[in-house]
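Structural characterization, general
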Amino acid sequence: MELIVPARPGALVAALLSVASLRSPGEPAELLLRGGDHLLNATLQLGPAHSHIVLRAYPGERPVITGGAVIEPSAWEPVTGSKTLLSATLPAGLVGGTPKQMFTGNGTQRAVRARHPNLYNAAGAVVERPYLYWASELVPCAHLHDKPPPACAQPNRFGFRWNASDDQVLLQASAALSGGVEAIVYHGWTASRHQVDTVNLSTRALGFANPSDRPIGFWSGYSSEGGQRYYLENALAFIDQPGEFFVDASETRAPRVYYWPLSGGQSRIGRTYLPMIEELVAMRNVSDVRWEEVVFRHSDWSCGGAEPHTGERLPCDGQSVEWQDTAVVHMRDSARVQFSGCEVSHVGPAALWADEGCDDIVISRCRFADLGTGAIRVGHPAKNTAFHPGRDWASMRPVRRVAVSNSNLTDGSNVFPGGTAVLVQFAEAVNISHNEIARFSYTAVSLGWSWSYKSQAGCGNHTVAYNYIHHLGYPRRETGDAMACVYTLGQNIGSLVDHNVCHDVRAYMGGGYCLSQDQGSSHMRFTNNVCLRTTGSPHNTHYGVDVEYRNNIFFNGSHDVWTAPYSDGYPAALRTSPKLGTSGGCQAQDVDFPPDVCPDVLRFVTNLVGTPNNSSALLFEGDWQPSSPLPNASIRFDFVNNLYWTDRPISIESEAVFGGRSSRVSHGQPPLQLSWEEWRQSGQDVNGVVGDPGFVHPLWGYPDSGFNVTLRADSLAWKLGWKHIDTHRVGILDIAVS
């Protein structure tokens, strides 16, 4: 069966109904979508009756599946008394509530939801610090190792007190509460979004309708609290420069949208799209479906809804925006679904999600751009009823064999700063290869999510290889802490991270790594990766076991090269097990090792580790203890044949410091650092060397050197067993991506 689908409202829905009702069981079908807008006013639902179909672009044309209601250029009119603002009545029959996004320029230019402080300056560039700063918690809290008492913890999830210098802007917010003013509050690695409920001008208390995940002020450290930053959004009074808009929902009879157009005025606005629905396509229990050269655009986002049983408002706050339960294209219990040459752009939630029960999903030659959150999500979320109250956790199905290749993922985190380009949770055999990932405010690839050493069945055997990852934290410098090119959490048994190039990672405060292995990251291999110019360390380890780093380049851009955060007087790389104080060593807390064996925690073999001339010579930060207090443990760290260098005019042997011993007497004190000779005498890098690695092209200018990390023939590294890293095949291969 072959059907040609015209670009008019309802035509695609009708075509799918025909496929479901008219063809014989198992008969293949092909839908050829004509170019233009295929407007949806409800989610396109694909079920078992839609298996064995191909949905592709009509040859030479570009079909766009859109969830955006349209305002024509002629509908805009000047606002009385304003020299700059235009307004238009919202399209009749708008579904899905008040639009929260707007795209001008025929649907390709994201307008800025009116905010204070401004995101852009008069020249159109992102300002360095577009934030306000909260003054204190709503309820004073006595902290004890970042654990506030419940009496103050709960109310502090619902607001904060502002500074006197911000009285005027909060007065504006108070006058605009009926229009839906929102506050976006930054934490260490998340940013929570809240509907403002109350503004108490006498006590300077800002109250929220929906809570944050952790209480505001939960962390005693300034950096972990995100620098106490926030901004306000969605009030007419906040429109004070070109490119901003506001939808006035209080005008119930004829709701209007207000807009200050960019240069060129009304004549340059083009058709304007206001997204109406969140999920454009939902597939459940389908198999053997192919999407080819189809564009998906203009989906809305939501957060802060009510829990269905209690009615309590839900938080819009969590690492990698994992609380979100929708996606532009959302698959469940589906198999053998392919996306080839497709595009998802100008949207709010995650672009594409292979959710629970999916197998054999292939995404190739696709483009993901201008995303409100992240690009691709794989696997079901972490068990958290506060985020996902409707999930049946007892019958959650695993996700297996998902491949993402030769695709461009760029310009994300535009609504939710924690948006992660590729988020993989509770899945097995995910292959992320030959992609370009850039310009997200948070992490590029996040794997695992089993937390600590708790075993998670069907979690691991992933491959992250030959990806070109760059400019995270650009143009907006928003998040930090766990932000990284490749971030792992928990056991990822059998996973490989290989031949990735990562450069220019810029966190707001702490963090911003190349490779970051968080709580319990274990049973992984990191080989042939190139890490350059990061605000945090190129490599960061929280704790884990059986992890090997071999033949990587770690060249620091601004901070120390190796980071192992210390805690409670124990080496952070294994801080969970020693804290238990048991004779079982690393057998404690659900570690899947025999009682008499604790494998090497971390092995670093034949890596090139350096600092530039604008950095300190400190190569290690934290407590890298050569020996272990655990009764059954073998070597905690094993450094073999590594080369260290610095571009500073110093003698690295005499002035650089290595490793460390657990010599602190109280929490928070730094470890005793070792000289190069003391490091070697401790059994580490016995045959390692310090000296110029002999790069043919300077790393500081990378990638202008043409992605070339070749070493000279006389390099000291060759004798250590160094293998040349061929970067020419990193990134998208010679396959056209539209």
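Provided above is the structure to which this section pertains.
Residues numbered from 1 in each chain as written. Predicted model: local features only at pLDDT ≥ 70, side-chain atom pairs only at ≥ 80, totals over all residues. Heavy atoms only, no water.

Quick look at the sheet that holds strand 9 (residues 86-89) now. Spatially, the five strands line up as an open sheet ordered 8-9-21-20-12, and their pairing is mixed. Here the strands that pair on one side only, and so sit at the sheet edges, are strand 8 (77-78) and strand 12 (112-113). In this sheet, strand 21 (residues 256-259) lies alongside strand 9 in antiparallel orientation, the contact comprising four bridges. Residue pairing for strand 21: L86 is matched across the bridge by Y259. (Pairing = 2+ DSSP bridges. Helix = DSSP H or I, 4+ residues; strand = E, 2+ residues; numbered from the N terminus.)

Once that is clear, we can look at empty space enclosed by the protein. One way to see where empty space is left: roll a probe the size of a water molecule over the atoms. Taken as a whole, this structure holds four cavities of 30 Å³ or more when the rule is applied. Considering only enclosed or pocket space, the largest cavity measures out at about 60 Å³ in volume. Around the largest cavity sit S320, V321, Q324, A350, T373, G374, A375, I376, R377, T420 and L423, which together line it. Of the residues that constitute the lining of the largest cavity, the class distribution is five nonpolar, five polar and one charged. Space inside the second largest cavity adds up to approximately 50 Å³. As for the second largest cavity, its lining consists of F296, F339, C342, E343, V344, L352, I363, C366, R367 and F368. If you list the elements that add at least two residues to the lining of the second largest cavity, you get strand 28 (343-347) and strand 31 (367-371). Each residue belonging to the lining of the second largest cavity can be placed in one class, and the counts come to eight nonpolar, no polar and two charged. (1 Å grid on protein atoms, 1.4 Å probe; cavity = no way out; pocket = protein on both sides within 12 Å on 5 of 7 lines; lining within 4 Å. Points joined across faces, edges and corners; volume = space filled by probe spheres on them. Nonpolar A, V, L, I, M, F, W, Y, C, P; charged D, E, K, R; others polar.)

Below, the discussion takes up the pattern of salt bridges. What the rule picks out here adds up to 35 salt bridges. Here E182 makes a salt bridge to R113, at a shortest N to O gap of 3.1 Å. With E182 in strand 16 (residues 182-186) and R113 in strand 12, this residue pair connects regions lying 69 residues apart in the sequence. This pair shows no difference in class: E182 is buried, exactly as R113 is. Linked by salt bridges that have partners in common, E30, R56, R290 and E292 make up one network. (Salt bridge = Lys/Arg side-chain N within 4 Å of Asp/Glu carboxyl O. Buried < 20%, exposed > 50% of the residue type's maximum accessible area, 1.4 Å probe, protein only.)

Once that is clear, we can look at the environment of P261. Structurally, P261 is set in the loop between strand 21 and strand 22 (272-275). A residue is classified by how much of its surface remains accessible, and P261, at 10% relative accessible area, is buried. In this structure, the C-alpha to C-alpha distance between P261 and F245, residues 16 residues apart in sequence, is 8.7 Å. Contacts of P261, omitting those with residues within four sequence positions, involve T84, L86, P242, G243, Q266 and I269. (Contact = heavy atoms within 4.5 Å.)

What follows is about unusual backbone geometry. A cis amide bond, omega -5°, links H116 with the succeeding residue P117. As for its position among the elements, P117 is in the loop between strand 13 (115-116) and strand 14 (132-137). A cis amide bond links Y474 to the next residue, P475, at an omega of -5°. Structurally, P475 can be placed in the loop between strand 40 (468-472) and strand 41 (481-489). With a phi angle near 60°, H346 is a residue other than glycine that sits in the positive phi range. Relative to the helices and strands, H346 resides in strand 28.

Helical geometry note: an α-helix holds 3.6 residues per turn, so side chains three or four residues apart project in the same direction. V169, L170 and A173 are the residues of helix 3 (residues 167-175) that are buried. In an axial view of helix 3, the angular spread of the buried residues amounts to 100°, which keeps them on one side of the axis. Turned more than 90 degrees away from the buried face of helix 3, the exposed residues are Q168 and A175. In this structure, the buried residues of helix 3 make contact with strand 13, strand 14, strand 15 (159-162), strand 17 (191-200), strand 18 (205-208) and strand 19 (229-233). (Arc of directions from axis to C-beta.)

Our focus in this paragraph is the layout of surface pockets. Counted as a void, the second largest pocket has a volume near 730 Å³. Around the second largest pocket, the lining comprises 35 residues; the ones closest to its centre are R110, A111, V112, L119 and Y120. Across the lining of the second largest pocket, the residue classes break down as 14 nonpolar, 10 polar and 11 charged.

The next subject is the state of the cysteines. A disulfide bridge is the covalent bond that connects two cysteines by way of their sulfur atoms. Tallied over the entire structure, the rule returns three disulfides. The side chain of C141 participates in a disulfide bridge whose partner is C152; the two sulfur atoms lie 1.6 Å from each other. A torsion of 70° about the S-S bond marks the disulfide between C141 and C152 as right-handed. Of the two residues, C141 sits in the loop between strand 14 and helix 2 (150-153) while C152 sits in helix 2, which places them 11 residues apart along the sequence. (Disulfide = S-S within 2.5 Å.)

In this section: the pairing of strand 23 (residues 281-284). In the sheet, strand 4 (residues 44-46) pairs with strand 23 via three bridges, with the strands oriented parallel. Its bridge partner lying in strand 23, Q45 is registered against A282. Relative to strand 26 (residues 327-332), strand 23 runs parallel, the two being bridged by four bridges. Along strand 26, the bridge assignment pairs A282 with H330.

Moving on: helix 1 (residues 11-22). With 12 residues, helix 1 should cover 16 Å at 1.5 Å per step; its first-to-last C-alpha distance of 16 Å lies within 8% of that length. Every buried residue of helix 1 is accounted for by A11, L12, A15, L16 and V19. Angularly, the buried residues of helix 1 cover 135° about the axis, an arc narrow enough to put them on a single face. Turned more than 90 degrees from where helix 1 packs its buried face, L17, S21 and L22 sit exposed. Those residues of helix 1 that are buried lie in contact with strand 1 (2-5), strand 2 (29-33), strand 3 (36-39), strand 4, strand 5 (53-57) and strand 6 (63-66). (Expected span 1.5 Å × (residues − 1).)

Tracing the sequence through the fold places W260 in the loop between strand 21 and strand 22. A C-alpha to C-alpha distance of 8.8 Å links W260 and S87, two positions 173 residues apart in sequence.

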